[in-house]
Amino acid sequence: MRKLQESSAADLDWRELASLPVAWTGRREALASPYPFVVLTRVHVFRNFAGFPFTVSATPSICAAIADKALNLLIKQGGYDVFRLSDCAPQVIRMLRERLLLPERSVPFPGKKEFKYLNVDAAAKRWVLVNEVEHMVFGRMYPGCLTEKDFIEEYASADSQQLWAWSERLGYLTSAPDHLGPGLEIEILVHLPGHALARQLPQARNGMVALGLGFAPVSFLEGSAVAGLFLLKSRGNAGESLPAIYTRFMRSVQPLLIQEKKLQDRCMEKQHKTLEDRVQESLQGLSQAEVLSYPSLLKMGSYLRLGAYLGILNPKLAEIAEELRVTAGSGHLGVSSNRLLPKEDEDRYRAKVVRLALESSKN
Amino acid sequence: MCTQCGFTLGEYRTRGLLGCTHCYASFGEALQADLLWMHHALKFSEATPDFPELDSTSDPENLARWRIMLAEALKVENYGEAARLRLLIQNAEASRKFGGGLGLA
């Protein structure tokens, strides 16, 4: 993305963003971690300007004033392109969602759609959303598991409490009451093929919900549950310090990660031959497909990743499968073709992208 | 109903969102129970917000602001918001006349 002030969505080269490497892949430490199936960590910081109503109840003129204030703040911070979401073509919105730069479901505010803005940095790792539930949502993505030290370093410095809606007892005041307090949410994207194969996903979900975490498949990805891709979210952090939030979240997630590792190892031990066959079939299927639907990509990609975690395939293939999960999504394919493609064309194009990526990975 | 932004408890229940910072004080015990349920570490005493006094509903400045907001809402044909603002104005006017509300809050 270029370094600019406010841009018109039509002026931006979306292909440039679509062709960027995926922000959370390609880091060696993530592959070497004991839990390579933790794909990424995403942190959101929610803030609202003091003295303004929240976006949901603000009139269009107040929304415009909020947007002005937010854009001025972003420009002062030397941000990158800021663009109006309502100006973006559907394939661009989809592409942004595939890159996890937009919420899974946006909240409709009739008559105020034009005041929603997005600001993305050059590497598409950090972004800021304006007027989407809260006045400003600052987001950042990290590959794999974020360490406690990095988390504290990044988020410990308090920002100006005068600028934001703040209460001494409750902390940052937000439109969604579950964002209240530190105004911060930690989320991890996990790939749980062990649970999926052992049919233990309902138990995993119940366990996480009982511990107060959100546990859901990535709703905009068709076939996400079958492929074992889930988002785990920290919830209700008011009254807790930053280290306590991180510790509670990681402590709650830990049993699931340990169980997933056990299930994968058990699968490898007890059904080694079947598993190896499925992994090889998936690799072959992806490398030779002429037509490939998105759910099939996720399903075969899941075996590819599992094979990489367990050493059946080159570990690099787990990262390639994740890269393809994003870049072979219909939004990315639509942006490269300048329109949302009909399903048949899209499936053919996807197969070609996947074939080429796997071919070049051999070299 | 929040006397500052006009959001009702019903709207909060439907959308899961609050209209302004004063809603935290306006919705009182109903919201307090939700906050204690959502935020495990929050203590009962902390879930009572420490806001400055809510603006009086009969404050003439508020009335003038709501009237402008009502006109704007009608202009953009946002009838839901207009209806809410109208109720808010009626309540405030009654409060000025009789020293009490219409029981809409």
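All of these numbers come straight from a predicted model, not from anything done at the bench. (Residues numbered from 1 in each chain as written. Chains lettered and ligands numbered in written order. Predicted model: local features only at pLDDT ≥ 70, side-chain atom pairs only at ≥ 80, totals over all residues. Heavy atoms only, no water.)

Visitor: Explain the overall build of chain A to me, and be specific about the residues and the numbers.
Guide: The number of helices and strands found in chain A is 13 helices and 10 strands. For 363 residues, the compact-globule estimate of 2.2 N^0.38 gives 21 Å, and the C-alpha radius of gyration of chain A, at 21 Å, lies within 12% of that figure. Dimensions of chain A along its principal axes, counting C-alpha atoms only, are 65 × 45 × 30 Å. Burial analysis of chain A (363 residues in total) assigns 54% to the buried set. For chain A, the proportion of contacts with a sequence separation of at least 24, taken over those separated by at least 6, is 73%. Accessible surface computed for chain A: about 15,500 Å², of which carbon and sulfur atoms make up 51%. (Helix = DSSP H or I, 4+ residues; strand = E, 2+ residues; numbered from the N terminus. Rg over C-alpha atoms; globule rule 2.2 N^0.38 Å. Buried < 20%, exposed > 50% of the residue type's maximum accessible area, 1.4 Å probe, protein only. Contact = heavy atoms within 4.5 Å. Areas by Shrake-Rupley, 256 points an atom, 1.4 Å probe, with all protein chains shown as cover.)

Visitor: Before we move on, can you summarise the sheet that holds strand β3 (residues 117-120) of chain A with the specific residues and values?
Guide: Residues and elements named next belong to chain A. With antiparallel pairing, eight strands are arranged side by side in an open sheet as β2-β3-β4-β5-β1-β8-β10-β9. Whereas interior strands pair on both sides, the edge strands pair on one side only; in this sheet they are β2 (82-84) and β9 (214-217). Taking the axes of each pair of neighbouring strands and ignoring which way they run, one obtains an average angle of 20 degrees across the sheet. Its contacts with the sheet place helix α3 (residues 60-76) against β2, β3, β4 (126-132) and β5 (134-143), and it is angled at close to 165 degrees to β4. Strand contacts of helix α7 (residues 201-210): β9 and β10 (229-233), with the helix running at about 150 degrees to β9, the strand carrying the most contacts. (Pairing = 2+ DSSP bridges. Axes fitted to C-alpha atoms, helices over the stretch in contact; angles between N-to-C directions.)

Visitor: Provide a residue-level description of the nonpolar core, including the pertinent values.
Guide: Among the nonpolar cores identified, the biggest contains 89 residues, and W14, W24, L96, L118 and F151 of chain A are the most heavily contacted of them. A per-element tally of this core places helix α8 (residues 242-270) of chain A first, with nine residues. Residues contacting F151 of chain A, with those up to four places away along its chain left out, are V43, L146, A156, L184, I186, L242 and Y246 of chain A. By size, the runner-up hydrophobic cluster in this structure holds 24 residues, among which are L170 of chain A together with C2, L18 and M38 of chain B. (Core = buried A, V, L, I, M, F, W, Y, C linked by side-chain atoms within 4.5 Å.)

Visitor: Outline the packing of helix α9 (residues 272-288) of chain A against helix α13 (residues 343-362) of chain A, listing residues and values.
Guide: All names here are of chain A. Contact geometry for α9 and α13: axes closest at 7 Å, N-to-C directions at 115 degrees. Where α9 approaches α13, its residues L283, L286, S287 and Q288 are matched on the opposing element by V354, R355 and L358. When its residues are assigned to classes, the contact of α9 with α13 shows four nonpolar, two polar and one charged. (Nonpolar A, V, L, I, M, F, W, Y, C, P; charged D, E, K, R; others polar.)

Visitor: Which residues make up the confidence of the model for chain A, and what values go with them?
Guide: Confidence in the prediction for chain A averages 88 pLDDT; 93% of positions are at 70 or higher. Mean pLDDT values for the elements of chain A range from 59 in helix α2 (residues 28-32) of chain A up to 94 in α9 of chain A. (pLDDT = per-residue confidence, 0-100.)

Visitor: Would you mind going over the confidence of the model for chain B in detail, with residue names and values included?
Guide: All names here are of chain B. The predicted model of chain B averages 72 in pLDDT, with 68% of residues at 70 or higher. Mean pLDDT in chain B bottoms out at helix α5 (residues 79-98), which sits at 67, and peaks at helix α1 (residues 9-15), which reaches 90. When the criterion is pLDDT under 50, residues 50-56 qualifies, and its contacts beyond four places in sequence or with other chains add up to 16 contacts. Note on residues 98-105: pLDDT is under 50 here. Beyond four places in sequence and across chains, it has 13 contacts. Per the prediction output, this complex has pTM 0.82; the corresponding ipTM is 0.83.

Visitor: Could you give an account of the environment of S330 of chain A, naming the residues involved and the relevant values?
Guide: All names here are of chain A. By secondary structure assignment, the location of S330 is in helix α12 (residues 330-337). Spatially, the C-alpha atoms of S330 and N237 are 35 Å apart, while their sequence positions differ by 93 residues. Residues in contact with S330, not counting those within four places in the same chain, are R94, E98, L340, E346 and R350.

Visitor: Describe the pairing of strand β1 (residues 38-47) of chain A, with residues and values.
Guide: All names here are of chain A. Burial runs high along β1: 10 of the 10 residues are buried. Examined bridge by bridge, β1 and strand β8 (residues 184-191) share seven bridges and lie antiparallel to one another. By the bridge assignment, L40 is partnered in β8 with L189. In this structure, β1 lies alongside β5, joined through eight bridges in antiparallel fashion. Of the residues in β5, the one forming a bridge with V43 is R140.

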